[in-house]
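Fold and contact review
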Amino acid sequence: MAHAYTPGLRVSPLAVVRKIRRLPLAGEVCVEVAQNVEPDTAVAQTHLPGHVHNVNVANALGVAPEDVPALMTRQTGDQVAADEQIAQSKGIFGLLRSSVKTPVSGVIELISGVTGQVLVREPPVPVQVNAYIRGRVVEVFPGEGVAIETHGTLIQGIFGIGGETYAPLVFFSDDPDAVITPDRVEDHFVGRIVCGGAVVTLDALRRMQQIGVAGVVTGGVPYHDIGALLGYQIGVAITGGEDIGLTVIATEGFGRMRMAARTFDLLKVHEGRHASISGATQIRAGVIRPEVIVGLDDTAAAETPTETAHHGLVEGGTVRIIRNPFFGRIGIVETLPERPQPLPTEATVRVATVRLDTGETVVVPRANVELVET
Amino acid sequence: MSDPDQVRIILATDCGSTTTKAILIEKREDSFRLVVRGEAPTTVEAPFEDVTRGVLNAVREVEELSGRTILEDECIVSPAQGLTGVDLYVSTSSAGGGLQMMVAGVVRSMTAESAERAALGAGAIVMETLAANDGRLPYRRIERIRQLRPDMILLSGGIDGGTVTHVVEMAELIAAADPRPRLGSGYHLPVIYAGNQKAREEVERLLGSRTALSVVDNLRPVLERENLGPARERIHDLFMEHVMAQAPGYRKLMAWTHTPIMPTPGAVGRMIQVAAERNRIDVVGVDIGGATTDVFSVFDGMFNRTVSANLGISYSISNVLAEAGVAAIARWLPFDLSEADLKDRLGNKMIRPTSIPQTVEELIVEQAVSREALRLAFDQHKSFAVSLKGVQQERTISDTFDQQTTGQSLVDMMHLDLIIGSGGVLSHAPRRVQSALMMIDAFQPEGITGLAVDSIFMMPHLGVLSTVHEQAALEVFERDCLIHLGPCIAPVGTGAPGSPCVRVEIQAPGTSIQRDIPAGELTIISVEDAETLDLCVTPTRGFDVGAGKGAATRHSVRNGVVGIIVDTRGRPLAIPDRSNQRISRLKNWYKTLHLYPE
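Everything numeric in this text was worked out from a predicted model, so none of it was measured.

**Some details on the overall build of chain A**
Check the secondary structure of chain A and you find 6 helices and 31 strands. Relative to the 2.2 N^0.38 estimate, which gives 21 Å for 374 residues, the radius of gyration of chain A is 28 Å and therefore markedly larger than a compact globule would have. Overall size of chain A, expressed as C-alpha extent along the three principal axes, is 100 × 55 × 45 Å. In chain A, once contacts between residues fewer than 6 apart in sequence are set aside, the share between residues at least 24 apart is 64%.

**Observations regarding the overall build of chain B**
For chain B, the count of helices and strands is 17 helices and 24 strands. For 598 residues, the compact-globule estimate of 2.2 N^0.38 gives 25 Å, and the C-alpha radius of gyration of chain B, at 25 Å, lies within 12% of that figure. With respect to the three principal axes, the spread of C-alpha positions in chain B is 70 × 70 × 50 Å. Across chain B, every contact between residues at least 6 apart in sequence was considered, and the portion connecting residues at least 24 apart equals 69%.

**Regarding the interface of chain B and chain A**
By a widespread convention, an interface's size corresponds to the accessible area lost as its parts come together. Opposite the 45 residues of chain B that make contact, chain A presents 47 residues. Mapped onto the side of chain B that touches chain A, the elements with two or more residues apiece are β3 (31-41), α3 (138-147), α4 (165-177), α9 (317-324), α11 (339-351) and α12 (360-384) of chain B. Considering each element in turn, the side of chain B that touches chain A owes the most residues, 7 residues, to α11 of chain B.

**A short note on α4 of chain B**
The end-to-end C-alpha separation of α4 of chain B is 19 Å, in line with the 18 Å expected for 13 residues at 1.5 Å each. Among the residues trailing α4 of chain B, Asp178 of chain B stands out with phi positive, at a value near 50°.

**Details of the sheet that holds strand β10 (residues 117-121) of chain A**
By definition, the strands of a sheet pair up through backbone hydrogen bonds, in either a parallel or an antiparallel sense. Taken together, 4 strands build an open sheet; the order of strands is β5-β10-β9-β6 (chain A) and the sheet is antiparallel. Each edge of the open sheet carries a strand with a single partner, namely β5 (52-56) and β6 (79-80) of chain A. In this structure, β5 of chain A lies alongside β10 of chain A, joined through 5 bridges in antiparallel fashion. Across the sheet, residue Asn54 of chain A finds its bridge partner in β10 of chain A, namely Leu119 of chain A. Strands β5, β9 (106-111) and β10 of chain A of the sheet are contacted by α4 of chain B, whose axis makes an angle of about 15° with β10 of chain A.

**A few points about the packing of helix α8 (residues 264-279) of chain B against helix α15 (residues 459-466) of chain B**
Residue and element names in this part refer to chain B. At their nearest, the axes of α8 and α15 sit 7 Å apart, and the two run at 75° to each other. If you check the angle between α8 and α15, you find them roughly perpendicular. Touching Thr264, Ala267, Val268, Arg270, Met271 and Val274 of α8 are Met459, Pro460, Leu462, Gly463, Val464 and Ser466, all from α15. Tallied by class, residues from the contact of α8 with α15 come to 8 nonpolar, 3 polar and 1 charged.

**Digging into the domain arrangement of chain B**
Residues and elements named next belong to chain B. If you check the domain split of chain B, you get domain 1 (4-95), domain 2 (98-250) and domain 3 (283-384 + 407-592). The straight-line distance from the C-alpha centre of domain 2 to that of domain 3 is 36 Å. Contacts between the two partners involve 5 residues from domain 2 and, on the opposite side, 7 residues from domain 3. In terms of residues, the side of domain 2 that touches domain 3 owes the most to one element, helix α2 (residues 111-121), which gives 3 residues. Here the side of domain 2 that touches domain 3 is built from residues that sort into 2 nonpolar, 2 polar and 1 charged.

**Some words on α11 of chain B**
Between its first and last C-alpha atoms α11 of chain B spans 19 Å; for 13 residues at 1.5 Å apiece the expected length is 18 Å, and the two agree. In terms of burial, α11 of chain B is a largely internal element, 10 of the 13 residues being buried. Turning to α11 of chain B, its buried residues are Leu342, Lys343, Asp344, Arg345, Leu346, Gly347, Asn348, Lys349, Met350 and Ile351 of chain B. Taken together, the buried residues of α11 of chain B touch β14 (159-161), α4 (223-230) and β21 (247-254) of chain A together with α9, α10 (326-330) and α12 of chain B.

**Things to note about the domain arrangement of chain A**
According to the domain assignment, chain A consists of domain 1 (11-17 + 153-303), domain 2 (52-121) and domain 3 (318-371). Computed from C-alpha coordinates alone, the two centres of domain 1 of chain A and domain 3 of chain A are separated by 28 Å.

**With respect to the nonpolar core**
All names here are of chain B. Counting residues in each nonpolar core, the largest one holds 269 residues, and the members touching the most others are Ala119, Leu154 and Ile174. The element that contributes the greatest number of residues to this core is α12, accounting for 10 residues. With residues near it in sequence (within four places) discarded, Ile174 still touches Ile145, Ile153, Leu155, Pro179, Val191 and Leu207.

**Some remarks on the confidence of the model for chain B**
Averaged over all residues, the pLDDT of chain B is 89; the fraction at 70 or higher stands at 95%. Reported confidences for the modelled complex are a pTM of 0.85 and an ipTM of 0.85.

**Focus: the environment of Asn56 of chain A**
Residue and element names in this part refer to chain A. Within the secondary structure, Asn56 sits in strand β5. When the 16 C-beta atoms within 10 Å are taken as the criterion, Asn56 is described as partly exposed. Once the C-alpha coordinates of Asn56 and Val68 are considered, the two residues, 12 residues apart in sequence, prove to be 9.7 Å apart.

**Structural notes on unusual backbone geometry**
Across the junction of Asn324 of chain A and Pro325 of chain A, the peptide omega takes the value 10°, indicating a cis bond. Secondary-structure assignment places Pro325 of chain A in the loop between β25 (318-321) and β26 (330-335). Residue Pro79 of chain B is reached from Ser78 of chain B by a cis peptide bond, and omega for that bond is 0°. Along the chain, Pro79 of chain B falls in the loop between β5 (75-76) and β6 (88-93).

**Here's the deal with the packing of α15 of chain B against helix α16 (residues 470-481) of chain B**
Between two packed helices, what matters for the description is the angle formed by their axes and the separation of those axes. Residue and element names in this part refer to chain B. At their nearest, the axes of α15 and α16 sit 7 Å apart, and the two run at 155° to each other. For the element pair α15 / α16, the angle class is roughly antiparallel. For the pair α15 and α16, the crossing hand works out as left-handed. Each of Met459, Leu462, Leu465 and Ser466 in α15 lies in contact with α16, whose residues at this interface are Glu470, Ala472, Ala473, Val476, Phe477 and Cys481. Tallied by class, the residues present in the contact of α15 with α16 amount to 8 nonpolar, 1 polar and 1 charged.

**Focus on the sheet that holds strand β13 (residues 283-288) of chain B**
All names here are of chain B. Spatial ordering of the open sheet is given by β15-β14-β13-β16-β17-β18-β24-β21, a layout of 8 strands whose pairing is mixed. A strand with exactly one partner marks an edge of an open sheet, and here the two such strands are β15 (302-308) and β21 (522-525). Direction aside, the axes of adjacent strands within the sheet are offset by 20° on average. Where strand β18 (residues 482-490) and strand β24 (residues 564-567) come together, 2 bridges link them in parallel fashion. Residue pairing for β24: Ile489 is matched across the bridge by Val566.

**Focus: the pairing of strand β8 (residues 124-131) of chain B**
Residue and element names in this part refer to chain B. Relative to β8, strand β7 (residues 99-105) runs parallel, the two being bridged by 7 bridges. Within β8, the residue paired with Met101 across the bridge is Val126. The parallel pair β7 and β8 is bridged by α2, and the resulting crossover is right-handed.

**With respect to the environment of Leu24 of chain B**
Residue and element names in this part refer to chain B. Structurally, Leu24 is set in strand β2 (residues 19-28). Judged by C-beta crowding, with 22 C-beta atoms within 10 Å, Leu24 ranks as buried. For the pair formed by Leu24 and Leu595, sequence separation is 571 residues and the distance between their alpha carbons is 33 Å. What Leu24 contacts, discounting residues up to four positions off in sequence, is Leu11, Val35, Val36, Val62, Ser66 and Arg68.

**Quick look at the confidence of the model for chain A**
The predicted coordinates ought not to be read in detail in places where the model reports low pLDDT. Residues and elements named next belong to chain A. Averaged over every residue, the pLDDT of chain A is 89; residues scoring 70 or more account for 93%. Within chain A, strand β22 (residues 274-278) carries the highest mean pLDDT (97), whereas helix α6 (residues 298-303) carries the lowest (66). Contacts from residues 1-5, a stretch scored under 50 in pLDDT, to residues over four places away or in other chains number 13 contacts.

**Remarks on the environment of Val200 of chain A**
Within the secondary structure, Val200 of chain A is located in strand β18 (residues 199-200). Here the alpha-carbon distance between Val200 of chain A and Gly219 of chain A, two residues 19 residues apart in the chain, equals 8.5 Å.

Criteria and thresholds
Residues numbered from 1 in each chain as written. Chains lettered and ligands numbered in written order. Predicted model: local features only at pLDDT ≥ 70, side-chain atom pairs only at ≥ 80, totals over all residues. Helix = DSSP H or I, 4+ residues; strand = E, 2+ residues; numbered from the N terminus. Rg over C-alpha atoms; globule rule 2.2 N^0.38 Å. Contact = placed C-beta atoms within 7 Å. Expected span 1.5 Å × (residues − 1). Pairing = 2+ DSSP bridges. Axes fitted to C-alpha atoms, helices over the stretch in contact; angles between N-to-C directions. Parallel < 35°, antiparallel > 145°, perpendicular 65-115°, else oblique. Nonpolar A, V, L, I, M, F, W, Y, C, P; charged D, E, K, R; others polar. Domains from an automatic or database assignment. Buried ≥ 20, exposed ≤ 12 C-beta atoms within 10 Å, placed from the backbone. Core = buried A, V, L, I, M, F, W, Y, C linked by C-beta atoms within 7 Å. pLDDT = per-residue confidence, 0-100. Left-handed = near helix turned anticlockwise from the far one by under 90°. Right-handed = clockwise from strand over helix to strand, strands pointing away.

Structure below.
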């Protein structure tokens, strides 16, 4: 097969970053093409249909379901307020009447003469989508949302949790092998995105939650600690909706993993600048990776080093090895042998020979290398 | 399509979620044989968003390998003439998540379960099963319907002529939720009503204008009988008309194929059914993928399929860990590994799902997880593949001490004839004996059971082919698809390691072997150059191989590439809890079988 390698994560000093911001349901777009937006600008809004509550009127009045429509005091389409009467029995000679009240405010959607149920729908819930990044609106999808572009640095992580946030970047240490422990979470990290380190401990994550750190971008995070933080183990990697008050991004993987030097260096260049980050991850069907986006103005863009993009797995390309025994190592592809070769497991697969940053040359399955994309 | 008798060259593709696989079949002399196989990445998603690009790439590989010209101006040439074109082109698809359905019924264990069986049998992933008695409040059910965006809903409920109230209540909930389809924003969600005929009018009134409603015969017309055929056929029609038609490039692909495109699991199930019927055997088939594991079974002619949507060995590997637990996976490892290390390794596989084991230790860990994924999926299958529940039974006085409730599992391991394994971890294990032992450990077959693997995952292709050319499908299935690993002899019972357990006598042309095997061992007996073997298996008093405790049984069995595996570890299989004992026992078994490189 032609593409037996993993496309890889983007670590791009200067890129055109385009974000599509869509409503979950059709609504209205609040901005125009060419308009400049801030991360918290509402770009589109809509109303989600309200919750539906069912009221078993037949049971409540002790009548047959087919008698319910005739006993309704409010009809389909009527607005009703919570605790308002919606049906009443005939009683005995007009006396001893019993009635039924709606538990919620809303609109009567259905009166069923078959089941004796009445459905009351609550008012619609307003929903807004914000810009998430500082940039310019480049396209409007009428009734659906917008596309926003910015020039800036884009760093994709491998796994994350927590939603979108926008805050300044701060480094806790210049040592990429450092461990983020609770005592190293300083008070001035409040409202900031803490970067660096090979791993963050569970206690440090909890302290960050406590004091109100906006996010953390680190090399690795123990799988078990993510489960402990969330209160449940992640079974399939679909994340981003966790309401934990903190966005966590691992750039390399689970466990203790030194952040790749180029990622570390690039984040370091932008220390103090504001970044938009999202922990949303989806591995299957429409891959989504967690990301750090630093929008740059012209002066900052000029100061940021640029690199040439590589396309496909080629000799001379930079790759990251993503499986033991060389997990996390960065190297240069030396050769791409045409014929499949046997591995220690005895599986025969297509391989690449990679010169590691230590100078050593190793043979790895092509499936176990990831392009370092710029 | 050409007259089946005139068909000589067949092209079949399977558009999977990551890879599109194409095979070329040719009639040589009197029988159909696989010629070559090609594959290419599936192109349903951006940047291509056209499934036919991947199909064309896979077919081009077939052209290069076979020397036959199949494409002209990016179209499939048909019929075949000389070294150009094919007579028949068929395809299956599971790309873009396959067919995702929601089913609803009145009673969870009766009509809702029948609806689930109909959907699963048609090749769907059942995202949710709603029932009037599922214990949820109505608004919770409405929220659930709205949250999920299925490709279609199958609504059943009530026997014909029974009460209409509950099934109408379910229809009201669906109407209130106003569900949206997963693909395509400009059309109504397909809903199939296959419930009580008396409620049709009311269901049409409620759902007719809000959904694309179609009405078919009741799938449970009486409690004693299911009638799943009409609902399944309608699901297939709607899969083509709505789901496939909305997926990128499928309109073009549908115009190329000579028969309707089938959902991949539906095609695999059909092939297993055809094979079981033709050979009159009981079969269990399993397809273990990265995200899901499908289990199929045919026992006494009754077909069942289950899909464990979150059990797999890449995308869903951490879910196997969450469901099985660390201890269950670690019990298959002949070395110590810390809990944190195991969790991190599996987490890293989840987020880099296409990576493969490079070291033997990594391979052992991945195969340990596979055992647990297979075991959990098979447990789910056993609890679903049951006789109809709620059926009135006639009993006589002689049944007083042997009364069985309805809903007994149909899976009978002692009478199972063949287990077929499919999916990368089984089909592509570096040593075939590894596939055999993974299946034995996960399924724990009893008595004498044949083991086989799908050599290159072509059951989907052959399943859809069997709808138009059963002979071609069966010939390729027997000759090129299945790799027989050999029979497993597993006496049921327990005994102290080393105590007498079973005598195995093997007769084959020019060969006669007799072996006494004690309890607590795994042994392979190899017989070269024999396709079938006559076995006489005599267990000791505490063990049973199908004829009762201590009774001998004779079988004619298919030989295989691994040989005859005699598993005297006992049933149920017990692995020592203590780490050092477990490691020593596993090392011993694995060494005897030459399971891994030294």
